[in-house]
Amino acid sequence: MHSFGYRANALLTFAVTILALMCAMASFSDNFNHPSPSSSVQVLNVNWFQKQPNGNDEVSLTLNISADLQSLFTWNTKQVFVFLAAEYETPKNSLNQISLWDGIIASKEHAKFWTHTSNKYRFIDQGSNLRGKEFNLTLHWHVMPKTGKMFADKLVMSGYRLPKEYR
C-alpha cells in the first residue's frame with residue numbers, strides 16, 4: 001500500500017492542477033466580454049495659464065469628468081485603474097501626454113461616476129508651446145483581473161484648445 005506521504009502528494013498535485021485549470025478558464029472567459037464604456041469631459045475654466053520663470057508653460061483647468069465604465073467589470077475583475085491625460089503635438093515631440101487626473105475603481109457599483117475637479121497633476125510643457133494649442137483629452141483605463149492578463153484601452157475626446165494669451 002501507499003504511505004500517507006504518497007497519498008498527500010497525489011491529493012495536493014491534483015488540487016493544484018484543478019486550481020490552475022480554473023484560473024486558465026477564468027482568464028479565457030474574459031475574451032468573451034465586449035465592453036462599451038462611455039465618457040465625457042468638459043473643461044469648465046482655465047484657472048490660470050502662465051509662463052514659469054524657467055520658460056515652461058503651466059495650465060490649471062477645472063474639469064467635469066463623467067464616465068460609465070461598468071461594462072469593464074466581469075466576475076474576474078479585481079479593479080480598474082483610470083486616468084485622464086492631455087495629449088498634444090509639438091515641433092519637438094509628435095506625442096506629449098500629461099496625466100491630469102487618476103483614480104482606482106474597486107467595484108462595479110463605483111464604475112459610473114461624475115467628478116468636478118481641478119487637474120490633480122500639474123499641466124506643464126517643457127517650453128512655451130501651449131499658447132493656442134489644440135489638445136485631446138484621453139481617458140485611459142487598465143483592467144486588473146483576479147487572474148490572467150491585464151487589458152488596457154482608451155477613449156479619445158478631441159476639440160479642446162488652450163488660450164492664445166497667458167492669464
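Our subject is the structure listed above.
For clarity, every value in this text was computed on a predicted model and none was experimentally measured. (Residues numbered from 1 in each chain as written. Predicted model: local features only at pLDDT ≥ 70, side-chain atom pairs only at ≥ 80, totals over all residues. Heavy atoms only, no water.)

**Things to note about the side chain of N119**
- Within the element layout of this structure, N119 appears in the loop between β5 (112-118) and β6 (123-125).
- Judged by its relative accessible area of 12%, N119 is buried.
- Engagement of the side chain of N119 in a polar contact is seen with the backbone nitrogen of L61, the distance being 2.7 Å.
- Within the structure, N119 has its side chain in polar contact with the backbone oxygen of Y121 (distance 2.8 Å). (Helix = DSSP H or I, 4+ residues; strand = E, 2+ residues; numbered from the N terminus. Buried < 20%, exposed > 50% of the residue type's maximum accessible area, 1.4 Å probe, protein only. Polar contact = N/O pair within 3.5 Å; in protein donor to acceptor, adjacent residues only side chain to side chain.)

**A short note on a nonpolar patch on the surface**
- Taken together, F14, I18, L21, M22 and M25 make up a surface patch of nonpolar side chains, about 530 Å² in accessible area.
- Accessibility expressed as a relative area gives 33% for I18, which makes it partly exposed. (Patch = residues over 30% accessible without salt bridge, like charges linked within 9 Å, V, L, I, M, F, W, Y side chains within 5 Å. Areas by Shrake-Rupley, 256 points an atom, 1.4 Å probe, with all protein chains shown as cover. Salt bridge = Lys/Arg side-chain N within 4 Å of Asp/Glu carboxyl O.)

**As for the layout of surface pockets**
- Counted as a void, the largest pocket has a volume near 210 Å³.
- Lining of the largest pocket is provided by D30, N33, P35, P37, L72, T74, T77, W141, V143, F151, A152 and D153.
- Counting only elements with at least two residues in the lining of the largest pocket, the list comes to β7 (134-145) and β8 (151-161).
- Within the lining of the largest pocket, the residues separate by chemical class into seven nonpolar, three polar and two charged. (1 Å grid on protein atoms, 1.4 Å probe; cavity = no way out; pocket = protein on both sides within 12 Å on 5 of 7 lines; lining within 4 Å. Points joined across faces, edges and corners; volume = space filled by probe spheres on them. Nonpolar A, V, L, I, M, F, W, Y, C, P; charged D, E, K, R; others polar.)

**A closer look at the pattern of salt bridges**
- For the structure shown, the criterion picks out three salt bridges.
- Between K120 and D102 there is a salt bridge, with the nearest N and O atoms lying 2.7 Å from each other. Note that K120 is positioned in the loop between β5 and β6 and D102 in strand β4 (residues 96-105), a separation of 18 residues in sequence.
- Here E134 makes a salt bridge to R161, at a shortest N to O gap of 2.4 Å. Placement of E134 in strand β7 and of R161 in strand β8 is noted, with a sequence separation of 27 residues between them.
- For R161, a relative accessible area of 47% corresponds to the partly exposed category.

Distances and angles like these do not, on their own, reveal function.
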